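Spelled out from the first residue to the last, the chains are:
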Amino acid sequence: MDVFLTGGTGFIGQALVRNARRRGWALRVLVRDLDAAPARWIARQGATLVRGDVTEPGGLAEAMRGCELMIHNAGVYEIGADAALARRMQVVNVQGTGHVLAAAHEAGVPRNLYVSTVWALGPSGRPPAAAEPRDENQRHDGRYLTPYEKSKALAHEEALRWRARGLPLVIAMPNAVVGANDHSVFGYFLRLVLLGRMAPLGWGRDAVYAPVQVQALAEGICRAAADAPMGEDYLICGPPMALGDLFALWGRLSGKRVPSIYLPRAVMRPQMALVEPLLRALDLPAFMSRDAVDASRAHLNYSSAKAQRELGWTHPEVEPMWREIIAQEQALMARRQGVRAKLRHVPVVEDAGTAAA
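If you're wondering where the values come from, they're calculated on a predicted model, not measured in any experiment. (Residues numbered from 1 in each chain as written. Predicted model: local features only at pLDDT ≥ 70, side-chain atom pairs only at ≥ 80, totals over all residues. Heavy atoms only, no water.)

1. With respect to the overall build of the protein
The test is simple: Where helices and strands are cited, they refer to DSSP runs of H or I of at least four residues and of E of at least two residues respectively, numbered from the N terminus. For a compact globule the rule gives 2.2 Å times the number of residues to the power 0.38, and the radius of gyration it is set against comes from C-alpha atoms. Any residue under 20% of the maximum accessible area for its type is buried, any over 50% is exposed, and the rest in between are partly exposed; the area is computed with a 1.4 Å probe on protein chains only.
When helices and strands are tallied, the protein shows 13 helices and 13 strands. Relative to a compact globule of 357 residues, whose C-alpha radius of gyration would be 21 Å, the protein shows 19 Å and is just as compact. Taken over the C-alpha atoms alone, the protein extends approximately 55 × 45 × 40 Å along its principal axes. The 357 residues of the protein split such that 57% are buried.

Structure representation (structure tokens):
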């Protein structure tokens with residue numbers, strides 16, 4: 001199958017490249033910089049690089065011409081974004097999605113998949129622990145906790161508009177994506193735990209997420225892209241888990257300190273305003289931020305039952321998954337010198353196919 005992929009250089013994208021190549025797909029991958037390390041890595045996987053940018057629509061349709069499948073995964077993610085990055089999220093995530101889907105429509109690509117997020121549907125509410133997880137039918141209420149959530153919710157609406165115009169499109173919505181070398185707040189907090197630098201104080205103990213392993217996510221996306229009827233939506237999530245329980249599991253598996261005292265969000269939020277510039281001064285994302293506190297006000301208690309039922313997709317069990325991620329993360333961190341280097345996400349890991357994506 002001849003496949004066009006955007007967003008192949010990032011955490012999820014590299015997992016998609018690996019999965020697509022295992023399937024024998026012929027990949028064309030859109031990249032902004034042909035000489036960047038992630039782009040060179042993609043070329044070594046046997047994919048064809050196509051220079052371009054989702055924010056610049058010229059040439060996108062021609063680059064897709066003749067493809068049997070288009071997967072749009074490009075986007076900007078950060079919880080704790082400053083004003084400039086928040087503006088870029090709007091340009092890349094919203095306008096970029098419109099440009100890519102318009103190009104696919106113009107090129108007549110017969111199968112298309114957009115990688116959205118459960119944040120595009122909004123928080124699932126704060127039901128009792130025994131309540132049923134929400135499904136694909138929820139729609140966002142327009143109240144946003146972070147700039148990232150807003151950008152992805154608006155991008156999701158853009159995708160729905162292009163589907164209404166006749167674009168054959170499937171939408172995949174991952175929950176919190178995790179794995180070794182993770183660039184999300186989960187990855188940074190896990191590495192902070194493994195470094196023994198985690199403070200005993202935390203927040204958001206009750207917030208429920210359903211973290212999905214990045215390799216399992218890539219498999220679900222590729223299954224949906226190849227096999228799902230056009231016009232369908234799929235949530236791709238792991239088992240739901242409260243943040244307090246997740247930290248406790250990390251502590252038990254690693255033997256390291258995790259938060260034992262959880263303070264109210266109203267107390268933690270102003271403290272994070274002081275931490276944000278310190279992290280940026282260290283050339284790190286503001287993973288401890290007011291956005292991170294605000295995001296924990298939401299449950300993302302969503303179910304992947306439809307993907308399991310219709311696509312035959314499965315997810316690893318929670319404890320073995322985290323045991324493997326921790327071991328892989330420790331192996332990657334052992335290669336680096338200095339706390340900041342060990343904490344930081346790296347663009348690509350050459351010889352750790354199961355460890356990083």
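2. Focus: the sheet that holds strand S11 (residues 233-236)
As a reminder of what qualifies: Pairing between two strands is assigned when DSSP locates at least 2 bridges connecting them. Between N-to-C directions, angles span 0 to 180 degrees; the directions come from axes that are lines fitted to C-alpha atoms, helices contributing only their stretch in contact. Any two residues whose heavy atoms approach within 4.5 Å are treated as being in contact.
Sheet architecture is open: seven strands sit in the order S3-S2-S1-S4-S5-S6-S11, paired in parallel fashion. Strands with a single pairing partner mark the edges of an open sheet, and in this sheet they are strand S3 (48-51) and S11. Sheet twist, expressed as the mean angle between neighbouring strand axes with direction ignored, is 20 degrees. For strand S5 (residues 111-115) and strand S6 (residues 169-174), the ladder comprises four bridges, and the chain directions are parallel. By the bridge assignment for S6, asparagine 112 is matched with leucine 169. Those strands touched by helix H1 (residues 11-22) are strand S1 (2-6), strand S2 (26-31) and strand S4 (69-72), and its axis lies near 160 degrees from that of S2.

3. With respect to the layout of surface pockets
Short version of the rule: Only protein atoms enter the calculation, which uses a 1 Å grid: trapped sets of points that fit a 1.4 Å probe without letting it out are cavities, open sets showing protein on both sides within 12 Å along at least five of seven lines are pockets, and any residue with an atom within 4 Å of a point is a lining residue. Grid points are joined across faces, edges and corners, and a volume is the space filled by probe spheres set on the points. Charged means Asp, Glu, Lys or Arg here, nonpolar means Ala, Val, Leu, Ile, Met, Phe, Trp, Tyr, Cys or Pro, and polar covers whatever is left, Gly included.
There is about 200 Å³ of room inside the second largest pocket. Residue contributions to the lining of the second largest pocket peak at three residues, all from helix H9 (residues 265-281). Classifying every residue of the lining of the second largest pocket gives eight nonpolar, one polar and one charged.

4. Overview of the environment of alanine 15
Note on placement: alanine 15 falls in helix H1. Taking the C-alpha atoms as reference points, alanine 15 and aspartate 82, separated by 67 residues in sequence, lie 28 Å from one another.

5. Details of empty space enclosed by the protein
A complete count under the given rule lists one cavity of 30 Å³ or more for this structure. Counted as a void, the largest cavity has a volume near 30 Å³. Together, Pro211, Pro239, Met241, Val318, Met321 and Trp322 line the largest cavity. When residues in the lining of the largest cavity are grouped by element, the largest group, three residues, is from helix H12 (residues 318-334). Of the residues belonging to the lining of the largest cavity, the class tally is six nonpolar, no polar and no charged.

6. Structural notes on the packing of helix H6 (residues 185-194) against helix H8 (residues 243-254)
The cut-off we apply is this: Left-handed describes a crossing whose near helix is turned anticlockwise from the far helix by less than a right angle; the clockwise case is right-handed.
Remark: H6 packs on H8, axes separated minimally by 10 Å, with the N-to-C direction vectors making an angle of 40 degrees. Pair H6 / H8 crosses with right-handed handedness. Each of Phe186, Phe189, Leu190, Val193 and Leu194 in H6 lies in contact with H8, whose residues at this interface are Leu243, Leu246, Phe247, Trp250 and Ser254. Tallied by class, residues from the contact of H6 with H8 come to nine nonpolar, one polar and no charged.

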